[in-house]
Amino acid sequence: MKSFIKNNRGFIIFILCFGFFRTAIADWNPIPSGSMRPNLLEGDVVLVNRLAYDFKIPLTDIVVARIADPKRGDIVTFSSPKDGTRLIKRIVALPGDHVEMRDEVLYVNGHAAAYSEQEMLLEPLENGR
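We now turn to the structure provided with this report. (Residues numbered from 1 in each chain as written. Predicted model: local features only at pLDDT ≥ 70, side-chain atom pairs only at ≥ 80, totals over all residues. Heavy atoms only, no water.)

1. Description of the sheet that holds strand β7 (residues 99–102)
Consideration 1: Strand order in the open sheet formed by three strands is β7-β8-β9, with antiparallel pairing between adjacent strands. Where the open sheet ends on each side, the last strands, each with one partner, are β7 and β9 (111–112).
Consideration 2: Bridge count for strand β8 (residues 105–108) against β9 is two bridges, and the pairing is antiparallel. Along β9, the bridge assignment pairs Val-108 with His-111. (Pairing = 2+ DSSP bridges. Helix = DSSP H or I, 4+ residues; strand = E, 2+ residues; numbered from the N terminus.)

Following this line, the structure appears as structure tokens:
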């Protein structure tokens, strides 16, 4: 075992640094569903800045330093409390905001959300057609 560690020291250090980087600094996540259409499509992969809001001890949820608070319009990733799936969503309201859905229109603090006209786009199929 000692000879394995000695012979592969550089690779082991690389793996440890890579693991630290992915859990504490940046990560990438695939888009699991169509809820972010048309901006993000299922299967797209996004780069996630793990230092956007706080610094955590790698491989834990222990916050060491708070950096910023989420703002309306930010896109965030989090684990689903139901099954642990990694989700990606846009923040539409902040703590204390009143959110309501009426006639399929989102209202935040009594103001209707502004929607731009939807444009029809064709998505390529898996085989490139």
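2. Digging into unusual backbone geometry
Consideration 1: Located in the positive-phi region is Asp-103, a residue other than glycine, with phi close to 50°.
Consideration 2: Summarising the element assignment, Asp-103 is placed in the loop between β7 and β8.
Consideration 3: For Asp-103, a relative accessible area of 77% puts it in the exposed group.
Consideration 4: Non-glycine residue Asn-109 carries a positive phi angle of around 55°.
Consideration 5: You can see Asn-109 is positioned in the loop between β8 and β9.
Consideration 6: Looking at Asn-109, the relative accessible area reads 39%, which means it is partly exposed. (Buried < 20%, exposed > 50% of the residue type's maximum accessible area, 1.4 Å probe, protein only.)

3. Let's talk about the pattern of salt bridges
Consideration 1: The full count for this structure, using the stated rule, is six salt bridges.
Consideration 2: Residues Arg-50 and Asp-27 are paired through a salt bridge, measuring 3.1 Å at the closest nitrogen-oxygen approach. Here the residue Arg-50 occupies a position in the loop between β2 (45–49) and β3 (54–56), and Asp-27 occupies one in strand β1 (residues 26–30), the gap between them amounting to 23 residues.
Consideration 3: Among the residues examined, Arg-50 registers a relative accessible area of 27% and is labelled partly exposed. (Salt bridge = Lys/Arg side-chain N within 4 Å of Asp/Glu carboxyl O.)

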